[in-house]
Amino acid sequence: MKKIIIMLTALLVMGLNSVRAAEQDLLVSTNNTTLQLFAVKGEPLKFAYYGPRLNEQQASDLWVAGDAMNRKAYPTFNDWCPDECAIMVKHTNGQMMLNLVVEGVERSTTDGGELITVKTKDKVQPFYANICYRTYQQADVIETWVELTNREKKDVVLMQYASAYLPVRSAEAWLSHQHGQWGNECNMTEEPLTPGMKVISNRDGGRNSQLDHPEVMLSLDGRPTETSGRVIGAALCWSGNYKLRIATDALDTHLRHLIAGIDETAADYRLRPGQTLRTPELALTFSTTGKGGVSRNMHRWARQYKLHNGMAVRDVLLNSWEGVHLDITEEKMMTLMEGVKQLGGELFVMDDGWFASEKYNRDKDNAALGDWDVDKRKLPGGVQPLVDKATQLGLKFGIWIEPEMSNWKASALYDKHPDWFLQNTGVEPVLQRGGTQATLDLCNPKVQDFVFDIVDRLMTEYPQLYYIKWDDNAPIVNYGSTYLGADRQSQLYTDYHLALRKVLERIRAKYPRLVIQDCASGGGRVNYGLLPYFDEFWTSDNTDALQRVYIQWGTSQFFPANAMAAHVSASPNHQTGRRLPLKFRFDVAESGRLGVEMKPSDFNADETRFAQQAIADYKRLRPIIQLGDLYRLRSPYEQDGMAAASMYVSDNKQQAVLFAYKLKHYVGHNIAPIRLQGLDANKRYRIHEVNKADDSLKSLDGKVISGKVLMEAGLNLALDKEYASRMIELTAE
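So, a few notes on the structure that sits alongside this text. (Residues numbered from 1 in each chain as written. Predicted model: local features only at pLDDT ≥ 70, side-chain atom pairs only at ≥ 80, totals over all residues. Heavy atoms only, no water.)

Focus on the overall build of the protein
Alright, step 1. Across its full length, the protein carries 13 helices and 38 strands.
Alright, step 2. Expected size for 733 residues packed as a compact globule is a radius of gyration near 27 Å; at 27 Å, the protein falls within 12% of this value.
Alright, step 3. Projecting the C-alpha coordinates of the protein onto the three principal axes gives extents of approximately 95 × 70 × 45 Å.
Alright, step 4. Within the span of the protein, comprising 733 residues, buried residues form 62% of the whole.
Alright, step 5. In the protein, 69% of the contacts between residues at least 6 apart in sequence involve partners at least 24 apart. (Helix = DSSP H or I, 4+ residues; strand = E, 2+ residues; numbered from the N terminus. Rg over C-alpha atoms; globule rule 2.2 N^0.38 Å. Buried < 20%, exposed > 50% of the residue type's maximum accessible area, 1.4 Å probe, protein only. Contact = heavy atoms within 4.5 Å.)

Section: the pairing of strand β11 (residues 174-179)
Alright, step 1. Summarising burial for β11: five of the six residues are buried, a large majority.
Alright, step 2. Looking at chain direction, β11 and strand β12 (residues 187-192) are connected through six bridges and run antiparallel. Looking across to β12, one finds that H177 is bridged to T189.
Alright, step 3. Here β11 pairs with strand β14 (residues 212-219) via five bridges, running antiparallel. What sits directly across from S176, in β14, is M217. (Pairing = 2+ DSSP bridges.)

Quick notes on the pattern of salt bridges
Alright, step 1. The tally for this structure, following the rule as stated, stands at 51 salt bridges.
Alright, step 2. As a salt-bridge pair, D315 and K396 come within 3.1 Å of each other at their nearest N and O atoms. Here K396 lies in strand β25 (residues 396-401) and D315 lies in the loop between α3 (290-306) and β21 (317-319), a separation of 81 residues in the sequence. (Salt bridge = Lys/Arg side-chain N within 4 Å of Asp/Glu carboxyl O.)

Considerations on the sheet that holds strand β30 (residues 536-538)
Alright, step 1. On the basis of which strands lie adjacent, the closed barrel formed by eight strands has the order β21-β22-β25-β28-β29-β30-β31-β32 and parallel pairing. In this sheet, neighbouring strand axes are inclined to one another by 30 degrees on average, regardless of whether the strands run parallel or antiparallel.
Alright, step 2. Where strand β22 (residues 347-350) meets β25, four bridges bridge the pair, whose relative direction is parallel. Among the inter-strand pairings, M350 is bridged to a residue of β25, identified as I399.
Alright, step 3. Here helix α11 (residues 582-589) sits on the sheet in contact with β31 (564-569) and β32 (593-597), set at roughly 170 degrees to β31. (Axes fitted to C-alpha atoms, helices over the stretch in contact; angles between N-to-C directions.)

Overview of the environment of I262
Alright, step 1. For I262, the position within the fold is in strand β17 (residues 255-262).
Alright, step 2. Residue I262 is classed as buried on the basis of its relative accessible area, which comes to 9%.
Alright, step 3. Spatially, the C-alpha atom of I262 lies 9.0 Å from that of L236, the residues being 26 residues apart in sequence.
Alright, step 4. Not counting residues within four places of it along the chain, the set of residues in contact with I262 comprises Y161, W238, N241, Y242, K243, P280 and T494.

With respect to the nonpolar core
Alright, step 1. Of all hydrophobic cores here, the largest spans 124 residues; its most connected members are M350, W354, V383, W470 and F584.
Alright, step 2. With residues near it in sequence (within four places) discarded, V383 still touches M350, W354, V374, F397, I399 and Y462.
Alright, step 3. Y50, I116, V118 and I246 belong to the second-largest nonpolar core, a separate cluster that totals 60 residues. (Core = buried A, V, L, I, M, F, W, Y, C linked by side-chain atoms within 4.5 Å.)

Some remarks on unusual backbone geometry
Alright, step 1. Cis geometry is found at the peptide bond from S571 to P572, where omega equals 5 degrees.
Alright, step 2. Along the chain, P572 falls in the loop between β31 and α11.
Alright, step 3. Its identity is not glycine, yet H325 carries a phi of approximately 55 degrees, on the positive side.
Alright, step 4. Along the chain, the position of H325 falls in the loop between α4 (321-324) and α5 (330-343).
Alright, step 5. On the basis of relative accessibility, which here comes to 33%, the residue H325 falls in the partly exposed class.

Comments concerning the sheet that holds strand β4 (residues 71-72)
Hydrogen bonding along the main chain pairs the strands of a sheet, whether they run parallel or antiparallel.
Alright, step 1. Pairing in this open sheet of four strands is antiparallel, and the strands run β1-β2-β3-β4 from one edge to the other. On the outer flanks of this sheet lie β1 (25-29) and β4, each paired with one strand and no other.
Alright, step 2. Note: strand β3 (residues 46-52) against β4, two bridges, orientation antiparallel. Residue K46 lies in a different strand from β4, and its bridge partner there is K72.
Alright, step 3. Its contacts with the sheet put helix α2 (residues 56-65) on β1, β2 (33-38) and β3, and the angle it makes with β1 is roughly 125 degrees.

Some points on the environment of V146
Alright, step 1. As for its position among the elements, V146 is in strand β9 (residues 141-150).
Alright, step 2. Taking relative accessible area as the criterion, V146 reaches 1% and is therefore assigned buried.
Alright, step 3. A sequence separation of 120 residues divides V146 from A266, and the C-alpha atoms of the two residues are 21 Å apart.
Alright, step 4. Setting aside its immediate chain neighbours within four residues, V146 contacts Y74, N130, I131, A162, S163, L277, R278 and T279.

Regarding the packing of helix α8 (residues 445-461) against helix α9 (residues 492-510)
Alright, step 1. Running from N to C, α8 and α9 cross one another at 30 degrees; their axes reach a closest spacing of 10 Å. Overall, the two elements α8 and α9 adopt an arrangement that is roughly parallel. In the packing of α8 onto α9, the handedness of the crossing is right-handed. Between α8, through Q448, D449, V451, F452, V455 and D456, and α9, the contact on the second element is made entirely by A499, K502, V503, R506, I507 and K510. (Parallel < 35°, antiparallel > 145°, perpendicular 65-115°, else oblique. Left-handed = near helix turned anticlockwise from the far one by under 90°.)

Here's the deal with the packing of α11 against helix α12 (residues 605-627)
Alright, step 1. Relative to each other, α11 and α12 sit at 20 degrees, their axes nearing to 11 Å. Here α11 is positioned roughly parallel relative to α12, judged by the angle of their axes. For the pair α11 and α12, the sense of crossing is right-handed. Contact with α11, carried on its side by L582, K583 and F586, involves E607, F610, A611, A614 and I615 of α12 and no other residues of that element.
Alright, step 2. Split by residue class, the contact of α11 with α12 holds six nonpolar, no polar and two charged. (Nonpolar A, V, L, I, M, F, W, Y, C, P; charged D, E, K, R; others polar.)

Observations regarding α12
Alright, step 1. Here α12 is 23 residues long and its end C-alpha atoms lie 33 Å apart, about the 33 Å a rise of 1.5 Å per residue gives.
Alright, step 2. Of all the bends found along α12, the most pronounced is centred on L621 and spans about 60 degrees, while P623, a proline, follows it within four residues.
Alright, step 3. Three or more residues of α12 are buried, namely T608, F610, A611, A614, I615, D617, Y618, L621, R622, I624, I625 and Q626.
Alright, step 4. The N-capping residue of α12, defined by a side-chain oxygen 3.1 Å from the backbone nitrogen of D606, is N604. (Expected span 1.5 Å × (residues − 1). Bend = angle between axes of the 7 residues up to and from the residue. Polar contact = N/O pair within 3.5 Å; in protein donor to acceptor, adjacent residues only side chain to side chain.)

Here it is as structure tokens:
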């Protein structure tokens, strides 16, 4: 009897606790997901759940079932902190204790969703942290960040200031992430999360996706697949140094702790009285349909909310770099323009080599950077005749700049403003790219004005200018600012990127229609910290189509096709020396934003006709490719690595475009039919081969097949020859 009474009492207490929990449950929901918090005034904000959408009753049931995680939503370093913390501060009095408790919750409607702000304050000191969550209903993405405010009498030192913490419970968790280097960006790595700590970080200073990437996927059901299983996607929206920590709990090996934010190495931040620091956003999405579901959510979010002008299709362009490099002349530029016009292109971009000063010439990449006057030796009439020629041909005109950089002791800018460079007084600087290039000190407002004025002057002198390629070819290596005070040198990494964002905001406020490409030694700045200010990014300096299959596959995990610049270049390729068929080169480039990176005059008559038809077909199909839902069908990393295939499907499932590539060629190695995804099983689709080079698919071309058969049985694409490739258009009847 006594045991029964005890059990009933326990159940009653549990029931009361569940009622109290339900009253304080804070649901941060999108159309298909919920992030559940527990907010009690005077207590730390708690994290309970992240996964498929819950209603209020189901959220309450979590507490009854014992499935609520009940972890601090933003762990602080305090009197007892055995686990990893998200924030560590040193108060005015030197103490490092921080106990943040809830003061209140505010909710407001935003574009696409809702903003939930949980206001917290330290129990003792007047130090505040707003823990923020923003939902994007249709995209099923939640952004989270914190706003840290110092109301103490003197500076508070932020020693760690992560953006977010996310606990993840899984018996068999796997991590998917990307790693690479110049010319070999964004290789895929997938590995189980074992006991201990996994750290993904970047300390380049300027280009934070040059090596590792600040985006990861966490699979909760073992090794991830494209089509099934629970997967969390996380992308840190920051352009500077970062650190993602994923720790397996020492006491509960089924529990993982993800903490993401600015890397704290050499980055103490002194917060002045009354000052607020807003950390970068961590974007989260949850999929029950594997990695593919994460990617489609992220792409939708990017196009609708994060990428500048993200719902617009991008133009077919020719960039002059691999055609002429620095050897720019008026005649060569006009010849390239005539060539791209003949092919059917829409935009011409003049790359590096067009500028100089009275003292320094840009014949090599070791001088004149930072001196943005036209080189009259190369362009006697200036840039205007080129703009006029483009207009005459019906082309748009673009130009290359590298505004954050200059040549040390080899530029008029250095001669005039040597203090505008990052440096340490009395220390010989480390120089990049030809041994003379260095980074300007964007922490200095005068340098910010200078960088803004580069764009502003170009747009003022050439109002017809349509496109700018913004490059950044060096890391931050000379860690020192003549502008920041002695007690704030450790803010350089953070303040540099906050200043860069400020400059870009000024540019976008004045020139919202200007198309700007984000480039940094290729794909060194492919991140969501900068993409709100850019229309696209240069995926890699490596234009070799075979290697681009892997680079673009990894990039597509988080970034949409209309942002991913992919160019057809010469054969043999400039980077690898590999010879590839023109069809293969076009088919690979057309899976992103198509461009050309070579002299059109190098095409023979047959190749010119092929390129003209390929560009015409691409322009017709690009709304599907650039704005459609991506389904990755066969990974170049899996099975035998013989082939890769992916497809884009329109929202209404009326149209789709399929890409397939043969990557390895051996006798007796057959490639199985490719099973399609994303179609309507009840529709019938007409098959049409695009960029046709032979009659290999003669028996298939023009046939009408049900969506169900295409997805269940697949298509035999006859990828028999070396470097065979297919581009297939599907149209519902």
